[in-house]
Amino acid sequence: MRVCGSSPSPGPADGRDSLESVLDQIILDDCLRALARLPEASVDLIFADPPYNLQLDGELLRPNNTRVDGVHQDWDRFDDLAAYDRFTRDWLRACRRVLKPDGAIWVIGSYHNIFRVGAALQDEGFWLLNDVIWRKTNPMPNFRGRRFTNAHETLIWAAHGPRSRYTFNYDSLKAFNDDLQMRSDWLLPICSGPERLKDDTGRKAHPTQKPEGLLYRVLLGTSRPGDVVLDPFAGTGTTGAAARRLGRHFIGIERDSDYVKAARERIAAVEPLSQQDLDTLKPKRAAKRIPFGALVESGLVQPGTALYDPRATVKAQVRADGTLACAGAQGSIHKIGAHVQGRSACNGWTFWHFRDGGELRPIDVLRERLRTQLENGAEHAP
């Protein structure tokens with residue numbers, strides 16, 4: 001993986017850069033100009049941390065009269081809300097052009113801008129999937145005591161359109177969260193300590209650097225190894241660092257040369273995870289379909305084998321065609337499972353059990369065994 005070279009060389013005759021020329025780089029340029037040069041439908045995921053338009057007026061002081069190091073840079077200043085809205089729609093429209101039809105976008109913001117961004121996302125044709133609340137474990141206090149402490153930021157996750165087959169690694173996130181469904185409120189600390197980049201004077205290199213843990217979760221959950229992740233407001237390279245670590249390609253765009261220098265140095269120092277360590281849980285819906293008859297066909301289950309309910313109070317016989325016979329009825333593992341329980345439906349894979357020594361085990365164990373054999377066979381096929 002090439003990392004963070006110089007700005008891309010001129011692309012094809014149409015004035016656009018080839019994907020290869022910008023892959024794994026931080027581009028020093030204005031985001032709209034750089035986005036216009038990227039190939040159409042070329043990226044899998046976008047993470048955008050745009051200016052929040054904080055509208056700060058004057059200095060903010062702590063109770064001890066020390067100055068709060070907030071956002072005072074020109075890139076966060078707009079003449080009015082209409083100007084900010086035009087800017088937002090322009091970059092969202094440009095991002096949608098370079099996003100694949102099955103791609104998705106994340107945008108993070110605060111109460112100053114996220115509601116305007118959400119409306120613009122919908123107006124530009126994106127399909128909203130979730131809003132996620134990043135709850136900060138260590139938020140900055142409200143020093144003036146006139147409002148609630150600002151303890152969260154909001155992320156919007158949206159697909160390219162309503163029919164997009166976007167990536168969502170549900171099973172991996174559930175395992176990541178101790179076998180509980182990942183919720184839409186994430187408790188994470190703000191960027192601090194050794195992770196916080198500093199400039200030559202010891203001050204923050206960027207006022208709104210995001211924690212790498214936040215991007216780790218976003219990329220782990222909604223992209224795959226080898227995907228191309230775009231950050232149109234790359235700052236000091238948090239998205240690029242997380243992408244490199246997790247085996248994703250990245251394209252960063254940033255107009256501030258000091259931020260670009262810091263990002264390139266930071267990303268170059270990241271050690272990518274090995275391919276083995278990047279292996280994640282495969283979603284069950286994506287697993288190869290194995291009918292019960294295939295277990296009989298393969299010899300893992302013999303005709304005449306007795307199968308039982310979990311308490312071994314009901315017994316069924318396996319027939320040569322993969323059906324079960326029980327209680328005067330014959331049919332599939334699902335149909336007979338429902339029949340003996342007096343129900344309309346049943347998951348036969350978990351209801352029916354076979355004897356393995358002195359233990360009853362669900363036949364789903366045999367299905368997984370055959371699936372593994374078939375997958376390994378396909379990998380080693382000539």
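Before reading on, note that the structure itself is shown above.
My aim in this report is to walk through the structure given alongside it, one point at a time. On a predicted model such as this, the values are computed, not experimentally measured, just so you know.

### Observations concerning the state of the cysteines
- Inspection of the entire model under this criterion finds zero disulfides.
- The thiol of cysteine 31 is unpaired, and the distance to the nearest cysteine sulfur, on cysteine 95, comes to 7.3 Å.
- Given the relative accessible area of 7%, cysteine 31 is considered buried.

### A word on the environment of leucine 35
- Summarising the element assignment, leucine 35 is placed in helix H2 (residues 31–37).
- In sequence terms leucine 35 and arginine 93 are 58 residues apart; their C-alpha atoms lie 9.9 Å from each other.
- Contact partners of leucine 35, with chain neighbours within four places excluded, come to Trp91, Ala94, Cys95, Arg97, Val98, Leu230, Pro232 and Ile253.

### Looking at the packing of aromatic side chains
- In this structure the tally under the stated criterion is eleven aromatic pairs.
- For the ring pair tyrosine 84 and phenylalanine 87, a centre distance of 6.4 Å and an interplane angle of 50 degrees mean the geometry is tilted. A residue pair is termed a helical-turn pair when its members lie 3 or 4 positions apart in one helix, as tyrosine 84 and phenylalanine 87 do in helix H3 (residues 81–98) at three residues. Residue tyrosine 84 shares its accessibility class with phenylalanine 87, and that shared class is buried.
- Through successive ring pairs, a cluster of aromatic residues spans Trp106, Trp157, Tyr166, Phe168, Tyr170 and Trp186.
- The ring centre of tyrosine 308 lies 4.7 Å from the NZ or CZ of arginine 355, which sits over that ring.
- If you follow arginine 367 out to its NZ or CZ, it ends over the ring of tryptophan 349, 4.3 Å from the centre.

### With respect to helix H6 (residues 212–222)
- Of all eleven residues in H6, nine are buried, a share of seventy percent or more.
- Buried within H6 we find Glu212, Leu214, Leu215, Arg217, Val218, Leu219, Leu220, Gly221 and Thr222.

### A few points about the pattern of salt bridges
- In total, this model carries 16 salt bridges according to the counting rule given.
- Ionic pairing is found between lysine 261 and glutamate 265, a salt bridge with its closest N-O pair at 2.9 Å. One end of the pair, lysine 261, and the other, glutamate 265, are both in helix H8 (residues 257–268), four residues apart, so they sit about a helical turn from each other.
- Owing to a relative accessible area of 51%, lysine 261 belongs among the exposed residues under this scheme.

### Looking at the nonpolar core
- Residues Leu35, Val43, Trp91, Ile105, Leu121, Leu230 and Ile251 are the most contacted members of the largest nonpolar core, which totals 32 residues.
- In terms of residue count, H3 provides more of this core than any other element does, seven residues in total.
- Apart from residues no more than four positions distant in its own chain, isoleucine 251 is found in contact with Leu19, Val22, Leu23, Gln25, Ile27, Val43, Val228, Val229, Leu230 and Asp231.
- Ranked by size, the runner-up nonpolar core spans 29 residues in total, among them Trp134, Trp157, Leu188 and Ile267.

### Re unusual backbone geometry
- For aspartate 24, which is not glycine, the phi torsion reads 60 degrees and is therefore positive.
- Relative to the helices and strands, aspartate 24 is located in the loop between helix H1 (19–22) and strand E1 (25–28).

### A few points about the sheet that holds strand E8 (residues 249–254)
- A sheet is described by the order of its strands in space; here eight strands give the open sequence E1-E8-E7-E2-E3-E5-E4-E6, paired in mixed fashion. The strands lining the two open edges of the sheet, one partner per strand, are E1 and strand E6 (185–188). Across the sheet, the mean angle separating the axes of adjacent strands is 20 degrees when strand polarity is ignored.
- Looking at chain direction, strand E2 (residues 43–48) and strand E7 (residues 228–231) are connected through two bridges and run parallel.

### A few points about the environment of arginine 116
- Considering the arrangement of structural elements, one finds arginine 116 in helix H4 (residues 114–123).
- On the basis of relative accessible area, arginine 116 is assigned to the partly exposed category, the value being 32%.
- Once you skip the residues sitting within four places of it in the chain, arginine 116 turns out to touch Leu81 and Asp85.

Calculation rules
- Residues numbered from 1 in each chain as written.
- Predicted model: local features only at pLDDT ≥ 70, side-chain atom pairs only at ≥ 80, totals over all residues.
- Heavy atoms only, no water.
- Disulfide = S-S within 2.5 Å.
- Buried < 20%, exposed > 50% of the residue type's maximum accessible area, 1.4 Å probe, protein only.
- Helix = DSSP H or I, 4+ residues; strand = E, 2+ residues; numbered from the N terminus.
- Contact = heavy atoms within 4.5 Å.
- Phe/Tyr/Trp six-rings, centres within 6.5 Å; stacked < 30°, edge-to-face > 60°.
- Lys NZ or Arg CZ within 6 Å of the ring centre and 35° of its normal.
- Salt bridge = Lys/Arg side-chain N within 4 Å of Asp/Glu carboxyl O.
- Core = buried A, V, L, I, M, F, W, Y, C linked by side-chain atoms within 4.5 Å.
- Pairing = 2+ DSSP bridges.
- Axes fitted to C-alpha atoms, helices over the stretch in contact; angles between N-to-C directions.

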